[in-house]
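Structural overview for review
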Amino acid sequence: MSDRHQVVCPSCAAVNRLPAAKPAEKAKCGVCHEPLFSGHPANANGAMFEKQIARSSVPVVVDVWAPWCGPCRMMAPAFEKAAQEMEPEIRFLKLNSDEEQAAAGRLGIRGIPTLLLYRDGKEVARQSGAMSAGQITAWVRQHMRVGA
């Protein structure tokens, strides 16, 4: 593993180089000075989503959802809990498919909620349907081999 990580700020989309030895949970963006990790999923538009995937060395879990979707609303607290447990090792994003229809179309989203897991800019797993926090973390760990 590299001695530096690239972390995209969820607030301003600036790419930050973070020494691996520095505690990521305390790191702040060099541009906007907001925390790089908050333990909460970040809302992402299409451009932020693309930059997080392309430029971050941190794996990314994306919840593609819509405000009118009952299962999406039911899963939101579980996704929040999973983010609290797994950040900063994994970045958690929420992508509103109503507001970002072009991005959802490019991703081939057919049903929501859908979780997408990215590592090194590539999709490594996809799961549709609501899940509990335990199911989300187990699913991520299964595909990432992140400590159990």
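In what follows, the structure referred to is the one given above.
These remarks concern the structure in this document. Here the structure is a predicted model, which is why all the values come from computation and not from measurement.

A word on the environment of Ala 83. Inspection of the secondary structure puts Ala 83 in helix α2 (residues 70-86). Accessibility expressed as a relative area gives 0% for Ala 83, which makes it buried. Distance in space between the C-alpha atoms of Ala 83 and His 5 is 19 Å, their sequence separation being 78 residues. When near neighbours in sequence (up to four residues on either side) are disregarded, Ala 83 contacts Gly 39, His 40, Pro 41 and Phe 92.

Turning our attention to helix α1 (residues 46-55). Restricting attention to buried positions, one finds in α1 the residues Gly 46, Met 48, Phe 49, Gln 52 and Ile 53. An end-on view of α1 places all buried positions within 165 degrees of arc, on one side of the element. Away from its buried face by more than 90 degrees, α1 exposes Ala 47 and Ala 54. Considering only its buried residues, α1 is in contact with β1 (4-8), β4 (60-65), β5 (91-96), α3 (101-106) and β6 (114-119). Two or three places before Ala 47, at the start of α1, stands the capping residue Asn 45, its side-chain oxygen 3.1 Å from that residue's backbone nitrogen.

Turning next to the sheet that holds β6. One open sheet accounts for five strands, arranged β3-β5-β4-β6-β7; its pairing is mixed. The strands lining the two open edges of the sheet, one partner per strand, are β3 (42-43) and β7 (122-128). Pairing geometry for β6 and β7, over six bridges, is antiparallel. Considered in β7, the bridge of Tyr 118 is made with Glu 123.

According to the stated counting rule, one finds two aromatic pairs in the structure shown. With a centroid separation of 5.7 Å and 75 degrees between ring planes, the pair formed by Phe 49 and Tyr 118 is classed as edge-to-face. Of this pair, Phe 49 sits in helix α1 while Tyr 118 sits in strand β6, and the two are 69 residues apart along the sequence. Residue Phe 49 is classed as buried on the basis of its relative accessible area, which comes to 2%. Of the residues examined, Tyr 118 reaches a relative accessible area of 8% and is grouped as buried. Where Phe 79 meets Phe 92, the ring centres are 5.1 Å apart and the plane angle is 65 degrees; that geometry is what we call edge-to-face. Taken together, the residues span a long stretch of sequence, with Phe 79 in helix α2 and Phe 92 in strand β5 at a distance of 13 residues. The exposure class of Phe 92 is buried, given its relative accessible area of 0%.

This part takes up the pairing of strand β2 (residues 15-19). Only one face of β2 is buried: it carries Asn 16 and Leu 18, and the other face, with Val 15, Arg 17 and Pro 19, is open. Where β1 lies against β2, five bridges are found, and the strand directions are antiparallel. Its bridge partner being in β2, His 5 is matched across the sheet by Leu 18. Between β1 and β2, which pair antiparallel in sequence order, lie six residues; one of them, Ala 13, sits at a positive phi of approximately 70 degrees.

The subject of this paragraph is the state of the cysteines. Evaluated as defined, the whole model comprises zero disulfides. With no disulfide of its own, Cys 32 lies 3.6 Å from the sulfur of Cys 9, the closest cysteine sulfur.

Here is what the cut-offs are and how they apply
Residues numbered from 1 in each chain as written. Predicted model: local features only at pLDDT ≥ 70, side-chain atom pairs only at ≥ 80, totals over all residues. Heavy atoms only, no water. Helix = DSSP H or I, 4+ residues; strand = E, 2+ residues; numbered from the N terminus. Buried < 20%, exposed > 50% of the residue type's maximum accessible area, 1.4 Å probe, protein only. Contact = heavy atoms within 4.5 Å. Arc of directions from axis to C-beta. Polar contact = N/O pair within 3.5 Å; in protein donor to acceptor, adjacent residues only side chain to side chain. Pairing = 2+ DSSP bridges. Phe/Tyr/Trp six-rings, centres within 6.5 Å; stacked < 30°, edge-to-face > 60°. Disulfide = S-S within 2.5 Å.

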